[in-house]
Amino acid sequence: MRADTAAGRADARHVSPLRVIRRPWAVAAAVAGVLVVTLGGAGLSWASGTGRSAMPVGRPPVTGTPRSHWAAVSAPTAPAQVVPLPTGMVIPAIGVRTKLIQLGLAASGTLQVPADVGVAGWYTGSPRPGGTGSAVIVGHIDSVNGPGVFFRLRELKPGDLVYVQRTDGKMAVFKVTLVQTFLKSRFPTAAVYGPVPNAQLRLITCGGTFDVATGSYLSNVVVFAVLQ
Amino acid sequence: MKPASWAVRVVTSVALATLAAFGLTAAQVAVEAPVALASNPVGYIRLAHFSPNTPAVDVYLYSFGNPSAQLVLHHVSYGTVSPFEPVSAGEYTVAMRDAGAAPGSKPVLSTAVSIAAGHAYTVAGVGPAAGIRLEVISDELTTPPGKALVRIIQASMQQDVVTVTVGGHELVTNLKFANATPFIAVAPGTWSVKATGSTESVTATIALAAGTIHTIVVLDEPGKLALDNLLDAAGSNVAPAGGPQAGFGGTAPRPGATLVPWAAATIAGLAISVSGTVMLMRRRRPALHAHRPH
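Just so it is clear, the model here is predicted, and its values are computed rather than measured.

Undergrad: Just to check I follow, could you spell out the overall build of chain A for this structure?
TA: Helix and strand counts for chain A come out as four helices and eight strands. Listing the helices and strands of chain A from first to last along the sequence gives α-α-α-β-β-β-β-β-β-α-β-β. Put simply, of all contacts in chain A between residues at least 6 apart along the chain, 60% involve residues at least 24 apart. Working note: accessible area of chain A is about 10800 Å², and carbon and sulfur atoms make up 61% of it.

So this is what it looks like as structure tokens:
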């Protein structure tokens, strides 16, 4: 046994590099295998969507407008209030700071989406943010090769604040009440676009599984928020 | 044997890890399946004063069984309507006291109101002062596609019967004081709304957008009628079809199908390198054995 071990050690010490080089196909196989494993692993990691980055921004400098509560009541003959148009939005919890463009409907009857994945847009067919009703803002989760403005939308939690800047220079401040993912085949149209009796906000992006065959996500992430 | 079993272990663990990755993807898909909107146990209530000759009041909202008021609306005078307040679904009591009366004093009026999730209610003091009552009026939160909804509340005592037209079309005929119409679907547009009593009439230009719900209240003003246009609720004037396509997949977790080539490549590569290594070690083995005593 001892001899065997010693001999083994001796032999191990004396393995000639030449002996290995004499079998280049084996080396090639080993190296190629390692390469493929590395590439495959990287591919798996990429395909699983790991290793993402985020766009950090600071807190917005503005605090909310005071809430019009029970004290603010309608005068019998007051003219209908004109709510200022939205111009931008800040969501500190997920590092969003964007201007808001205006969006209508696409020819297909679906909601138009921003051409620039880096900005969000307000649907002009919905109430203006801060006025009575459910204002709708949409933004991309990603482009073909990187994060979009609403990449982290699904990370929002009830209680997080959303600041909508308006043409009058004031902010409408909304508090998140619900964040949910819906299959597009069962999109909750009434809950998102239907009438509500107070000032609310809906933020929409894509989410869930990406269907390579159709080039689209199978789900939408919807954030429901209420004016503070 | 040892290198071979080591190789088997590695291949097995890689295969298991790959399966685990697939398992995770399957789990993600499964989590996505439930789409019902999480139950949102919020309803809405607003308070109103529609009794022309009743002085201002304080209005209290109590969650049933809780003696401390959840909301208090002070000095509510005729024609005043509060905004809708979101409250947890459940049983409530609305109480009216004379303006400035002690919160613990006996209310002049009170009524129970049951608030269901996703529904809205107006609790209004209606009728003449001598016979004022608290009425719970159900509100509406959906419109027919492409339409506006309108309701008339008749709160004029001076003109105790009114007829209301919208764009020249009669919406309601001879609506009596302290009564309300049901909601009526109206084509969207900016309309001339006219209320005509026996001796007075009033006209207002009111924009009724599709997807909005309005209550128009006929009110007394000194010596004349007035109309108050309340925007009860608003949604999109056209609901877009389906959910928006707001992504191009650049950050998407790939579903199982696209993991296959990468997983296959990983396993194949591993197999190649392991077999290469095993080959190398096998080639070395005869040299080892040569020194072994027989």
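Moving on, there is more to tell.
Undergrad: I keep staring at the confidence of the model for chain A and nothing clicks. Help me out?
TA: The predicted coordinates of low-pLDDT regions are not to be read in fine detail. The predicted model of chain A averages 77 in pLDDT, with 64% of residues at 70 or higher. Between residues 1-22 of chain A, whose pLDDT stays under 50, and residues either more than four places distant or in other chains, the model counts ten contacts.

Undergrad: Sorry if this is basic, but what is going on with unusual backbone geometry here?
TA: The phi angle of most residues is negative, glycine excepted, and most peptide bonds adopt the trans form. Residues and elements named next belong to chain B. Backbone geometry places H75, a non-glycine residue, at a positive phi of 50°. Structurally, H75 can be placed in strand β3 (residues 71-76). In the Ramachandran plot, N174 falls in the positive-phi region, its phi being about 50° despite a non-glycine side chain. Examined against the element boundaries, N174 turns out to sit in strand β11 (residues 169-176).

Undergrad: Please explain the sheet that holds strand β15 (residues 201-208) of chain B as it appears in this structure.
TA: Hydrogen bonding along the main chain pairs the strands of a sheet, whether they run parallel or antiparallel. All names here are of chain B. With antiparallel pairing, four strands are arranged side by side in an open sheet as β11-β10-β14-β15. Edge positions in the open sheet fall to β11 and β15, since each of these has one partner strand only. Each strand of the sheet is rotated relative to its neighbour by a mean of 20°, with strand direction disregarded. Where strand β14 (residues 189-196) and β15 come together, eight bridges link them in antiparallel fashion. Along β15, the bridge assignment pairs A195 with V202.

Rules of the game
- Residues numbered from 1 in each chain as written.
- Chains lettered and ligands numbered in written order.
- Predicted model: local features only at pLDDT ≥ 70, side-chain atom pairs only at ≥ 80, totals over all residues.
- Heavy atoms only, no water.
- Helix = DSSP H or I, 4+ residues; strand = E, 2+ residues; numbered from the N terminus.
- Contact = heavy atoms within 4.5 Å.
- Areas by Shrake-Rupley, 256 points an atom, 1.4 Å probe, with all protein chains shown as cover.
- pLDDT = per-residue confidence, 0-100.
- Pairing = 2+ DSSP bridges.
- Axes fitted to C-alpha atoms, helices over the stretch in contact; angles between N-to-C directions.

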